[in-house]
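For reference, the chains in residue letters:
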Amino acid sequence: MELTLFVDHDCNLRCDYCYGGRKLARPMPAEVMKGAVDWALATHTDELVVSFFGGEPLLHPDFVADAVAYVEERAASLDR
């Protein structure tokens, strides 16, 4: 299964014509990320691939690092 986490609409380019960007900035809460990861691991027993999407996900490096750590921790705790 592939789980895509939409981190935020915010983007580092800030083009005036863009429909997204700062005006729609709403970072994904950690609780939402954890819920999505938990659901994916609970409902799919095969491989889990996690990707990050948004305006520019790496504007939130701590969130991405926390998400990777959470996925690794939860996956390691499974008895498969």
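Since the structure is predicted, the reported quantities are computational estimates derived from the model, not experimental observations. (Residues numbered from 1 in each chain as written. Predicted model: local features only at pLDDT ≥ 70, side-chain atom pairs only at ≥ 80, totals over all residues. Heavy atoms only, no water.)

A. Region of interest: the nonpolar core. Listed in full, the 12 residues of the largest apolar core are L3, L5, V7, M28, M33, V37, A40, L41, F63, A67, Y70 and V71. Mapped by element, the contributors of at least two residues to this core are β1 (2–8), α1 (30–43) and α2 (61–77). In this structure, F63 is in contact with V7, M28, P29, A30 and M33, ignoring residues within four places of it in sequence. (Core = buried A, V, L, I, M, F, W, Y, C linked by side-chain atoms within 4.5 Å. Buried < 20%, exposed > 50% of the residue type's maximum accessible area, 1.4 Å probe, protein only. Helix = DSSP H or I, 4+ residues; strand = E, 2+ residues; numbered from the N terminus. Contact = heavy atoms within 4.5 Å.)

B. Region of interest: the packing of α1 against α2. It is the contact of α1 with α2, at a shortest axis distance of 10 Å, that shows an interaxial angle of 30 degrees. When the axis of α1 is compared with that of α2, the two are roughly parallel. With respect to the hand of their crossing, α1 and α2 are arranged in right-handed fashion. Here α1 contributes A30, M33, K34, V37, D38 and L41 to the contact with α2, which in turn contributes F63, D66, A67, Y70, V71, R74 and A75. Looking at side-chain class alone, the contact of α1 with α2 contains nine nonpolar, no polar and four charged residues. (Axes fitted to C-alpha atoms, helices over the stretch in contact; angles between N-to-C directions. Parallel < 35°, antiparallel > 145°, perpendicular 65-115°, else oblique. Left-handed = near helix turned anticlockwise from the far one by under 90°. Nonpolar A, V, L, I, M, F, W, Y, C, P; charged D, E, K, R; others polar.)

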